[in-house]
Each structure stands twice: as C-alpha cells, then as structure tokens.
Amino acid sequence: MISTLLRSDLAPTGKIRVGINYGNPVLASKDPASGELHGVAVDLGRELGRRVELPLELLGFESAGKMFDAVKTGAWDIAFLAVDPGRAGEIDFTAPYLEIEGTYLVPPGSPFRAVDEVDRAGVRIGISAKSAYDLYLSRTIKHAELVRGTGPDAAFNLLIEGKVDVVAGVRQHLDANVAKLAGARVFAGRFMAIQQALGIQKGRAEGAKYLRAFIEDVKASG
C-alpha cells in the first residue's frame, strides 16, 4: 500500500495521467485505426500503475514539444521524455532508461556527408519544435538557421517542400522517412545522444523519489 503523500504526487486526480510521445517511434506508436498506444513507454507506464495499484490514463501527444507545453496546464502527472536543461524548470527527471541518437537526413544530391558539415551560413535545418534536439541545437548551432515544424512529420515535410536543406531528428524516425524520398540519406554520425527518462511535475518530491527508484529497478530487472 502506498502512502497518501505518494498517491497525491502520482495521481492527484485519482488516476496517474501519463504523457506518451508517439511521434518518437522508439518510445511509442499510435495505431491509426484504433488510436491505441503501444511501445516501451506504454509498457513502463502500465507497469508503474500495476506496482502502485492506481488507475492509469495514457495521454498521447504527437510531439515532445506539445507534451512539454501540456505540463504547464497540468494536463499530465508523469511523462516519458528526454532530459534537457531547458525542461528542468518544470520537470523533475529520473535517470535515463534509454539513449537514442539525434542526427540528420539529407535529400538526394545534397553535398553534405557528415554532421559537422551542416552548421554553415545559409543552411536551413528543419526540426520538430521544442523537441530535445531542437533545445540542444538551439544552444549549439552557430551559423545555420533552424526552421521549426509542429512535429517530426511536419519537419520532414519542410524538406519535401524545399523549405529546408536538411532535417534533424531521432535516427529511427529519419530512417523510416528515407523510404518516402528516393535517394535521401541519414548520416551515420550523430550530433547528440538523447537521454530518455521519466519526468514528473516539479514540486512532487515524494513522487520523484519513487519514480527514480522505479526506473533503476526496471533497468536492473530488464
């Protein structure tokens, strides 16, 4: 039986509202017909609900940026998203449970061959707004221009429409999009390692403590 304080931190409405970013296929996907969510983030959320014996509500978001914005309105209690200093003012994070790569996709005929060639004056980089890699590149890109889409698919469409020269994203999502554009390439190198963790709204110390222990246990147990 969990304590009243932990219950209040994890489920102030009586159920744990879990933010799931199905725009990142490494974490989750959404069935186009049924709308049902699947993936490692979904499995971990359900395991958490089972352990604390609280009802669970899965809330799907098409991008990490939209999910992060939703924390400001109190829409979710916990969420699976990348650790970033730009989010630390709103969210307490566990240790990472998964690491994925941020890299670039270029169209056919692109002169670029490696990650370190992209940051040049006049180069336009398509990116999902407020994603972990947007936050990172906003701090590190010195010469190129970042052009933001509302989500990963919207960022890729910027390339299709000729509005950007390269697209930044999660490797698995970019690999999936290569098939949609003959001759496109995803770089072998990466510009960052994106550390995925479990986050809880700031100020819920008991909940944050429990989630950190939970993530360590599921990593150790497999």
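Preceding this paragraph is the structure being described.
Rules of the game
Residues numbered from 1 in each chain as written. Predicted model: local features only at pLDDT ≥ 70, side-chain atom pairs only at ≥ 80, totals over all residues. Heavy atoms only, no water. Phe/Tyr/Trp six-rings, centres within 6.5 Å; stacked < 30°, edge-to-face > 60°. Helix = DSSP H or I, 4+ residues; strand = E, 2+ residues; numbered from the N terminus. Buried < 20%, exposed > 50% of the residue type's maximum accessible area, 1.4 Å probe, protein only. Polar contact = N/O pair within 3.5 Å; in protein donor to acceptor, adjacent residues only side chain to side chain. Contact = heavy atoms within 4.5 Å.

Turning to the packing of aromatic side chains, a few remarks are in order. Under the definition given, this model contains four aromatic pairs. Pairing Tyr 104 with Phe 187 gives two aromatic rings, centres 6.2 Å apart and planes at 80°, and the pair type is edge-to-face. One end of the pair, Tyr 104, is in strand E7 (residues 98-106); the other, Phe 187, is in the loop between strand E11 (185-186) and strand E12 (192-201), and 83 residues separate them in sequence. Judged on exposure class, the residue Tyr 104 and its partner Phe 187 are both buried. Between Tyr 104 and Phe 191, the ring centres sit 4.9 Å apart and the planes meet at 40°, which makes this aromatic pair tilted. Taken together, the residues Tyr 104 in strand E7 and Phe 191 in the loop between E11 and E12 connect sequence positions 87 residues apart. An identical accessibility class is assigned to Tyr 104 and Phe 191; each is buried. Among the aromatic side chains, those forming a connected cluster through ring pairs are Tyr 104, Tyr 136, Phe 187 and Phe 191.

Time to look at the side chain of Gln 201. Among the secondary structure elements, Gln 201 is positioned in strand E12. For Gln 201, a relative accessible area of 13% gives the class buried. Looking at Gln 201, its side chain comes within polar contact range of the main-chain oxygen of Trp 76, at 2.4 Å. Residues in contact with Gln 201, not counting those within four places in the same chain, are Val 71, Gly 74, Trp 76, Asp 77 and Glu 90.

So, to be careful, I would describe these as geometric facts and stop short of saying anything about function.
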